[in-house]
Amino acid sequence: ASGGEVPGLPLNPTPADAINLSGSSAATCQPFVQAAIDGALSRGSAVVASAGNGARAFTAESPAGCYDIITVGAVDRLGNRAAYSNFGVAGRDLPLFAPGGVNGSSAVSVLSTVNLGATLPTIDGYATSYGTSMAAPLVAGGVALLRAHTGMGPAAVAEHVRDTSRRFPASSNCTGSCGAGILDVNAALTTLPRLPQAPGAVTASPADATMAVTWLAPADPGSADVIGDDVEYRELGGTWIPAGGLWSSTLRHRVVLALTNGVGYQARVAARTVFGPGPWAQSNIVTPRALPGSVRIRSVRYPDKTSVRLALRLPHESLVGIQYRLTRTGRSPQVWQDTTAARTLRLAGLKRGVRYTVEVRAYNE
């Protein structure tokens, strides 16, 4: 139905936007069923399933207990969980409920289209039935309408039908124990999801050819939980470039590599939910810089008895100058002295017969 390849069958030219699975087996979600659901979701099909009619935990049913699927339980016309309907467990609520009817007259069950043939197809007609198999198609139909009107993907639709669900009546046996609520198609179609606010306190810190970006979670995540953050950076006045990571992460920290030292950069961050990203928040401007490499003393010569000439090998980086300091044996070092970045350094005014240590280092801006 989702357009996946099935051996021996032609490709489906019109993959489904919504798939309804009104069926269940008394087994935990089998790996091949989860794989089929994952494949359908990856191809853009939303998957809805009935919770099962065993009056037990829906996690003991398949496909109802699989992950990332919209599992639907049944309520009666008073908003109570139907006695037969499966239910959620601690730590995993049943996602959504919808009218499923109960056994009895047409006033308390669900009227549906059927074929009136007993053993072979004959003519179309109507019949009453009940069960979570009647509740799930209502949700699948709502999902199809929502996708047609909004273009939301499967994950966004699943979140939105829960966000806009009708809360259980105060007298319901499901108050506080049955997940989001009861399907409300009108609310889903007329209520727009709220995107997250901008992240707070976006801060960039420079280092050697890198920039570390940190931020705070948005004060209001909108209609869904934040599932990741989009991070971009640019040279001042340039085009924004995505700062991709190896995986989507909710860590509020990103290190941008391979920058050019001495150039100004800025970052921006937007929080993202299943409904999309919120507004950007920009960082301060930073300039990555590197400390220069070491100065090497290649040779030492004595032009006279009170001076010394050092031949230096300077680092390749652009330098502002070099510094040097002398230390007499047994005494504290002198203060650093500045001079130009040259390949020779002459120190005069030394005392005869005294041992000195000389240190030389380069510095940049």
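Residues numbered from 1 in each chain as written. Predicted model: local features only at pLDDT ≥ 70, side-chain atom pairs only at ≥ 80, totals over all residues. Heavy atoms only, no water.

Q: Provide a residue-level description of the packing of helix α2 (residues 132-150) against helix α3 (residues 154-163), including the pertinent values.
A: In the contact formed by α2 and α3, the axes pass within 10 Å of each other and the chain directions differ by 120 degrees. Judged by the angle between their axes, α2 and α3 are oblique. Considering how the two elements wind past one another, α2 and α3 form a crossing that is right-handed. Only Pro154, Val157, His160 and Val161 of α3 make contact with α2, whose side of the interface consists of Val143, Leu146 and Arg147. (Axes fitted to C-alpha atoms, helices over the stretch in contact; angles between N-to-C directions. Helix = DSSP H or I, 4+ residues; strand = E, 2+ residues; numbered from the N terminus. Parallel < 35°, antiparallel > 145°, perpendicular 65-115°, else oblique. Left-handed = near helix turned anticlockwise from the far one by under 90°. Contact = heavy atoms within 4.5 Å.)

Q: Break down the pattern of salt bridges for me, citing the residues and quoting the values.
A: Inspection of every chain in the model, using the stated rule, returns nine salt bridges. For the salt bridge of Glu359 with Arg325, the shortest nitrogen-to-oxygen distance reads 2.8 Å. Placement of the pair is Glu359 in strand β20 (residues 356-363) and Arg325 in strand β17 (residues 321-328), with a sequence separation of 34 residues. Judged by its relative accessible area of 30%, Glu359 falls in the partly exposed class. (Salt bridge = Lys/Arg side-chain N within 4 Å of Asp/Glu carboxyl O. Buried < 20%, exposed > 50% of the residue type's maximum accessible area, 1.4 Å probe, protein only.)

Q: Requested: an account of the sheet that holds strand β19 (residues 344-347), with residues and values cited.
A: Ordered by their spatial adjacency, three strands build an open sheet running β15-β16-β19, and the pairing between neighbours is antiparallel. Each edge of the open sheet is held by one strand with a lone partner, namely β15 (296-301) and β19. Direction aside, the axes of adjacent strands within the sheet are offset by 25 degrees on average. One ladder, built from five bridges, connects β15 with strand β16 (residues 308-313); its direction is antiparallel. Paired with Val300 across the bridge in β16 is Leu310. (Pairing = 2+ DSSP bridges.)

Q: Help me get a handle on unusual backbone geometry, residues and values and all.
A: The amide bond that connects Ser62 to the next residue, Pro63, takes the cis arrangement and shows omega of 10 degrees. Here the phi dihedral of Ala55 falls at roughly 50 degrees; this positive angle occurs in a residue that is not glycine. Inspection of the secondary structure assignment puts Ala55 in the loop between β2 (46-50) and β3 (70-75). Since its relative accessible area comes to 37%, Ala55 is described here as partly exposed.

Q: Tell me about α3, and please be specific about residues and values.
A: Looking at α3, one finds that the buried residues are Pro154, Ala156, Val157, Ala158, His160 and Val161. At its buried positions, α3 is contacted by α1 (31-42), β2, β3, β4 (96-99), α2 and α4 (185-190).

Q: Let's hear about the state of the cysteines: which residues, and what values?
A: A complete count under the given rule lists two disulfides for this structure. Each sulfur of the disulfide joining Cys29 and Cys66 lies 1.9 Å from the other. Judged by the sign of its S-S torsion, about 95 degrees, the cystine formed by Cys29 and Cys66 is right-handed. Linking Cys29 in the loop between β1 (18-21) and α1 with Cys66 in the loop between β2 and β3, this pair joins segments that are 37 residues apart in sequence. (Disulfide = S-S within 2.5 Å.)

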